[in-house]
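# Residue-level structure breakdown
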Amino acid sequence: MTEYLRMSGVYWGITAMDLTGSLTRMDRESILEFMRHCQHDCGGIGASQGHDPHLLYTLSAVQILTLFDNLNTIDLEKVVEYIRSLQQKDGSFAGDKWGEVDTRFSFCAVATLALLGRLDAIRMEEAVTFVLSCMNFDGGFGCRPGSESHAGQVYCCVGFLTIVGRLHLVNADLLGWWLCERQLPSGGLNGRPEKLPDVCYSWWVLASLRMLGRLCWIDSKRLRTFILACQDEETGGFADRPGDVVDLFHTLFGLAGLSLLGETQLKPVNPVLCLPEETIQRLGLHLQLLN
Amino acid sequence: MHGRVKVKTSAEQAETKRKEREKKLKLYQVASAAAASKRANGEFDKEALEITQNILEQNPDIASLWNFRREILLFWEKDRQEEVQEVLSLELPFLESCLRVNPKSYGAWHHRAWVLVHAKHTDWAKELRLCGAFLQKDERNFHCWDHRRFVVQHAGIPDTDELEYTSQLISTNFSNYSAWHYRSCLLPRIYPDPEQKGRVAEDQLLKEYELAQNAFFTDPSDQSAWFYHRWLLGRAEIEDAITCVYVSKPLQTVLVSFSKPVNLRNEEDEAVLFVDSRPFPSKWQVPDKRSTFSHVWVCKLPPGLLEGETLQHCLHVSWKDGRLKKECLLYPGSKESWCQDSATDQKLFSLELSIEKSSVLRAEMDSCRQLLDLEPENKWCLLTCILLSRVLDPLGHASKTLTWFKKLLAVDPLRTGYYKDLRSKYQVEDGLLCMEYAETRVLHLARKELTSLFHLDLMVLVTHLDVSGNCLHVLPLAMSCLQCLQVLHADDNEIEDIEGVRNLPVLQDVCLKNNRLAHLSQLQPLTSCCRLVSVELGGNLVENLPDFYTHLHELLTHTRPV
């Protein structure tokens, strides 16, 4: 019942495994075989066989193949063509041919192209202008112009601007304040004012602060305690909050958060692309963060 | 999986659950397979709509099924237009029920917007009422807020009506952050400040101060109004400007700094240097030799261009097709010259205040201080007192500000790192103002509990910088824009990274005693400062390395480190 997001599920799972140094325990061949059936004629990739192509799963697929160092499993030229075809007049990106526009898709587009070394394929100035038009009074970013700031969206837009080398366009002090105010007395982070804490924001907020060079604006020790309290003792997975049902999504972002906090049992994670740093280095990708 | 509590179950219960799940899965699989085969065979019929509806009712996040429904409707559009309109009108109550169960489904909201646009007789007023009803249930649902803005646009509803809507919401619940956010978008559109892009005209601004103040006096611990208030106190977007032109005869260099980072290599942003009215084919470089965008750019002049002891030279920089320019005169006999904007005149660290606005802000400061008497531990109030004192008179409130910071650190330890950095920023600003008043190029920032360095781009003319006795960990890359720096004192910090002490052409003395430099490689940046005379490194771990001084000499062959 989860095949409508399976490609992302695989990405969450194997990245979590790689961060813990256990990637070799996954059945690489069957994953690659699965992926061969998910690319469509238009170049886009679906969540699984029989599901329509979308930028969300196209990025997941390229992340997986990057981890496996096996990008040629799919037709990359077509992937680039697909992404290019989804850029709108105003520089924004639709998630698929049905036209839903969201800054998440701007991130998916440039993150995928960066991993493929093809950032030249889109109209960059317009893409930047659109993302900046989604910047708000609190320094954060929303889905579309006028949408309220949300930590997940902030991650996408700050990540986008990092990838395209325009991080100086963010008001880092103002946004950093909004981000560090996401930390609650439990140590956990929420995604918007007055909301409950959730382990996945350990990633969206923390990675954004890391890109802005302001990781020290939250209390790392307290956040670490919160994330660890979300780990389920029976299964080892992580839930959104202590005592809830675990899933792969929260397991990856819990681990990735711990890695950013300097957990030595895990590989260092790249705050922009949520892949191990060693993978990003292997690609020779240079992403300039603020310091 | 959000907010689903894990429940301990007995083996029996678990078995029942498993069976239930299996049954559900079976039904889902059968329905999915049926939908997939219909789609594959091009059976775009009513049954396909029914099957997909049954699945989507259970899970509206299966994007491909919404896509299939749209394909069917588009297929019918050719010769079954009436039926299409009928289905579209039925789609709305169906979507409404989906959204009631799952109000955060991206797919369902997007499909709803698609339906509204494709239906011939959309009742936008009704749709706006539906948004209102959904927001009444969850006033923070950002999907619904976005949908509302989409409806407003199509229905041609004036911004003033929407502003009134946010006023209503805020008056019933001050902590509706979404409504405050919406206000911040609407106000600059309805009441634009004629001079400052993106800001609100003053008379409306004063009303907004009052609204925010009402809110935080009613509930001083509610963050929404405080965030909004900080925005009201904010500044307009920084305009493009050349802030400084500096020329050095011995170095044969011209330096230009800008109000924000720019990329002069970009053709549209090209800057032209005129030397004595003749355009000079300049090759601009960034001081750190790495960044693409930078506040500061330098250009080497060929030897001989500024020759002649008795001649006056004019250095003129023209930018943005001549709309922005600045020039400086190098008088006969002088070695250097500059023209720099004043931080005080430009109100770099305070606000441009009219009499009305400053009296309102002073009154507000008084009431915030009263509130602070009642709620001495309220961090929002403490921070706002600090912010108000900064926009009104930074130096006049300097010592009070430090007391407030001390209190803030005590009452809100989670954000220690933020408050310390903010205090550092204000200390640097005060230091820069004092230096300007004293008309010197010596910047004193020693023993100010600095955790980070800010505004390095405003220090291009500084010759002596003292940051000793602080809590700095890094001398950041941006420090390389201090192109006039001769003496750097940074003793007694926690510095483990000096990457910004790089390409400083006239730097002679560097004091880095009692820091955390432990490896020779950390000293690498110094090798790019070719006028170094002395480097002091006592009290760093690196000093204990075997043959340290020999290695240091090898590293800095042109220097005589003490």
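Note on numbering: residues in each chain are counted from 1, in written sequence order. Lettering for chains starts from A, numbering for ligands starts from 1, and both go in the order in which the items are written. Reporting of local features is limited, given that this is a predicted model, to residues whose pLDDT is at least 70; pairs of side-chain atoms are given and counted only at 80 or more, and all residues count toward the totals for whole chains, interfaces and linings. Only hydrogens and water are set aside when side-chain values are computed; all heavy atoms of the structure are taken into account.

Under the convention used in this document: UniProt positions are given in the numbering used here, feature names are shortened, and annotations may be inferred rather than shown by experiment.
Named according to an unreviewed UniProt entry, chain B is Geranylgeranyl transferase type-2 subunit alpha originating from Eptatretus burgeri. What UniProt records for chain B under Sequence similarities (unreviewed entry) is the sentence "Belongs to the protein prenyltransferase subunit alpha family." In UniProt, chain B has this text filed under Catalytic activity (unreviewed entry): "geranylgeranyl diphosphate + L-cysteinyl-[protein] = S-geranylgeranyl-L-cysteinyl-[protein] + diphosphate".

Under an unreviewed UniProt entry, chain A has the name Geranylgeranyl transferase type-2 subunit beta and belongs to Eptatretus burgeri. Quoted straight from UniProt, the Sequence similarities (unreviewed entry) entry for chain A says "Belongs to the protein prenyltransferase subunit beta family." The UniProt entry for chain A carries the following text under Catalytic activity (unreviewed entry): "geranylgeranyl diphosphate + L-cysteinyl-[protein] = S-geranylgeranyl-L-cysteinyl-[protein] + diphosphate".

## As for the overall build of chain B
What counts here: Starting at the N terminus, helices and strands are each numbered in turn, a helix being any DSSP run of H or I of at least four residues and a strand any DSSP run of E of at least two. Using C-alpha atoms as the atom set, the radius of gyration is obtained and then compared with a globule rule of 2.2 Å times the number of residues to the power 0.38. Accessible area is worked out with a 1.4 Å probe on protein chains only. A residue is then buried under 20% of its type maximum, exposed over 50%, and partly exposed in between. What sets the accessible areas is the Shrake-Rupley method with a 1.4 Å probe; for residues, cover comes only from the shown protein chains. For this count, His and the chain ends are skipped, Lys and Arg are scored as positive, and Asp and Glu as negative. A charge is said to be at NZ when it belongs to Lys, at CZ for Arg, at CG for Asp and at CD for Glu.
Tallying secondary structure elements over chain B gives 16 helices and 14 strands in all. Taking 24 Å as the expected radius of gyration for a compact globule of 562 residues, we find that chain B reaches 32 Å, considerably beyond that expectation. Structurally, chain B occupies a C-alpha span of about 90 × 60 × 55 Å along its principal axes. Relative to its 562 residues, chain B shows a buried fraction of 51%. Just so you have it, chain B exposes about 27100 Å², and 52% of that area is on carbon and sulfur atoms. Here chain B carries 68 positive and 79 negative side-chain charges, and the mean point of each set is 4 Å from the other.

## As for the overall build of chain A
Where we set the bar: Whether two residues are in contact is decided by their heavy atoms: any pair within 4.5 Å suffices.
Each helix and strand counted, chain A has twelve helices and zero strands in total. Tracing chain A from N to C terminus, the helices and strands come up as α-α-α-α-α-α-α-α-α-α-α-α. Expected size for 291 residues packed as a compact globule is a radius of gyration near 19 Å; at 18 Å, chain A falls within 12% of this value. Each principal axis of the C-alpha atoms in chain A carries an extent, and together these give about 50 × 45 × 35 Å. The buried share of chain A, reckoned over its 291 residues, is 65%. For chain A, contacts bridging at least 24 residues in sequence account for 64% of all contacts bridging at least 6.

## Regarding the UniProt feature "domain: Prenyltransferase alpha-alpha toroid" (unreviewed entry) in chain A
If you check UniProt for "domain: Prenyltransferase alpha-alpha toroid" (unreviewed entry), the listed places come out as residues 3–275 of chain A in our numbering. The span residues 3–275 of chain A shows a helical share of 47% and a strand share of 0%, and its end C-alpha atoms are spaced 23 Å apart.

## Topic: the side chain of His316(B)
Residues and elements named next belong to chain B. With respect to the element layout, His316 can be found in strand β7 (residues 313–319). Residue classification places His316 among the buried residues on the basis of a relative accessible area of 19%. Excluding residues within four positions of it along the chain, His316 makes contact with Val272, Leu273, Phe274, Lys325, Lys326 and Glu327.

## Here's the deal with helix α11 (residues 248–260) of chain A
Residues and elements named next belong to chain A. Rule in force here: Working rule for helices: expected span equals 1.5 Å times residues minus one. As used in this structure description, the phrase polar contact means that two N or O atoms lie within 3.5 Å; if the pair is within protein, one of them must be able to donate a hydrogen and the other to accept it, and residues adjacent in sequence are counted only when both atoms belong to side chains.
The end-to-end C-alpha distance of α11 is 18 Å, a good match for the 18 Å that 13 residues give at a rise of 1.5 Å each. Considering only its buried residues, α11 is in contact with α1 (6–19), α9 (199–211) and α10 (220–229). The N-cap residue of α11 is Asp247: its side-chain oxygen and the backbone nitrogen of Phe249 are 3.0 Å apart. Phi turns positive one or two residues past the end of α11, at Gly262, with a value near 95 degrees.

## A few points about the packing of helix α7 (residues 151–163) of chain A against helix α8 (residues 172–180) of chain A
Residue and element names in this part refer to chain A. Here is the rule: Orientation is described by axes fitted as lines to C-alpha atoms, over the contacting stretch for helices, and by angles from 0 to 180 degrees between their N-to-C directions. In this scheme the handedness of a crossing depends on how the near helix is turned from the far one: anticlockwise by less than a right angle means left-handed, clockwise means right-handed. Basically, the charged four are Asp, Glu, Lys and Arg, the nonpolar ten are Ala, Val, Leu, Ile, Met, Phe, Trp, Tyr, Cys and Pro, and anything else, Gly included, counts as polar.
For the pair α7 and α8, the least separation of the axes is 11 Å and the interaxial angle reads 145 degrees. In this structure, the crossing between α7 and α8 has a hand that is left-handed. Seen from α7, the contacting residues are Ala151, Val154 and Val158; seen from α8, they are Leu175, Trp178 and Leu179. Among the residues making up the contact of α7 with α8, the classes are represented as six nonpolar, no polar and no charged.

## A short note on the interface of chain B and chain A
So the rule is basically this: Note on definitions: buried area is the accessible-area loss of two parts on being combined, 1.4 Å probe, summed for both. Criterion for a salt bridge: a side-chain nitrogen of Lys or Arg within 4 Å of a carboxyl oxygen of Asp or Glu.
At the interface, 55 residues of chain B touch 57 residues of chain A. Together, the buried faces of chain B and chain A total about 5100 Å²; carbon and sulfur atoms form 55% of this surface. Inspection of the chain B/chain A interface yields six salt bridges. The closest approach of N and O atoms between Arg39(B) and Asp52(A), which form a salt bridge, is 2.8 Å. Our count for the contact surface shared by chain B and chain A stands at 23 residue pairs in polar contact (both at pLDDT 80 or more). Sorting the residues of the side of chain B that touches chain A by element identifies α1 (11–40), α3 (63–76), α5 (106–118), α7 (142–155), α9 (177–190), α11 (223–232), α13 (379–392) and α15 (416–438) of chain B as the ones contributing at least two each. When residues in the side of chain B that touches chain A are grouped by element, the largest group, six residues, is from α11(B).

## Re the pattern of salt bridges
All names here are of chain B. Going through the model one piece at a time under the given rule, you end up with 50 salt bridges over all chains. Of the charged contacts in the structure, one is a salt bridge between Asp45 and Lys38, with a shortest N-O distance of 2.9 Å. For Lys38, a relative accessible area of 7% gives the class buried.

## Quick word on the confidence of the model for chain B
Stated precisely, the cut-off is as follows: The predictor's confidence in any single residue is recorded as pLDDT, a number from 0 to 100.
Confidence in the prediction of chain B, expressed as mean pLDDT, is 93, and 99% of residues score 70 or more. Taken together, the chains of this predicted complex give a pTM of 0.96 and an interface ipTM of 0.97.

## Side note on the sheet that holds strand β3 (residues 271–275) of chain B
Residues and elements named next belong to chain B. Under the convention used in this document: At least two DSSP bridges between two strands are required for those strands to pair.
One open sheet holds the four strands; their spatial order is β4-β3-β7-β8, and the pairing between them is antiparallel. Each having just a single partner strand, β4 (278–280) and β8 (324–330) make up the two edges of the open sheet. Taking each pair of neighbouring strands and ignoring which way they run, the sheet shows an average axis angle of 25 degrees.

## With respect to unusual backbone geometry
All names here are of chain B. Here the phi dihedral of Glu449 falls at roughly 55 degrees; this positive angle occurs in a residue that is not glycine. Phi at Asn503 is positive, roughly 50 degrees, even though this residue is not glycine. Looking at where Asn503 falls in the secondary structure, it is placed in the loop between β12 (487–489) and β13 (509–511). Taking relative accessible area as the criterion, Asn503 reaches 17% and is therefore assigned buried.

## With respect to the environment of Glu270(B)
For Glu270(B), the location among the structural elements is in the loop between β2 (253–262) and β3. Filtering out sequence-adjacent residues up to four positions away, Glu270(B) remains in contact with Leu264(B), Ser318(B), Trp319(B) and Lys320(B).

## Side note on helix α5 (residues 103–116) of chain A
The end-to-end C-alpha separation of α5(A) is 20 Å, in line with the 20 Å expected for 14 residues at 1.5 Å each. Where burial is concerned, most of α5(A) is hidden: 14 out of the 14 residues are buried.

## A few points about the pairing of β7(B)
Across a regular strand the side chains alternate sides, sitting on one face of the sheet and then on the other. Residues and elements named next belong to chain B. Across the seven residues that make up β7, a large majority, seven, are buried. Along β7, one buried face is formed by His313, Leu315, Val317 and Trp319 and the opposite face, lined by Cys314, His316 and Ser318, is buried too. Here five bridges tie β3 to β7, and the two strands are oriented antiparallel to one another. Paired with Leu273 across the strands is Val317, a residue of β7. Sheet topology note: the β7/β8 ladder contains seven bridges and is antiparallel. Residue Val317 lies in a different strand from β8, and its bridge partner there is Lys326. The turn linking β7 back onto β8 is made up of four residues, and Lys320 within it adopts a positive phi angle of 55 degrees.

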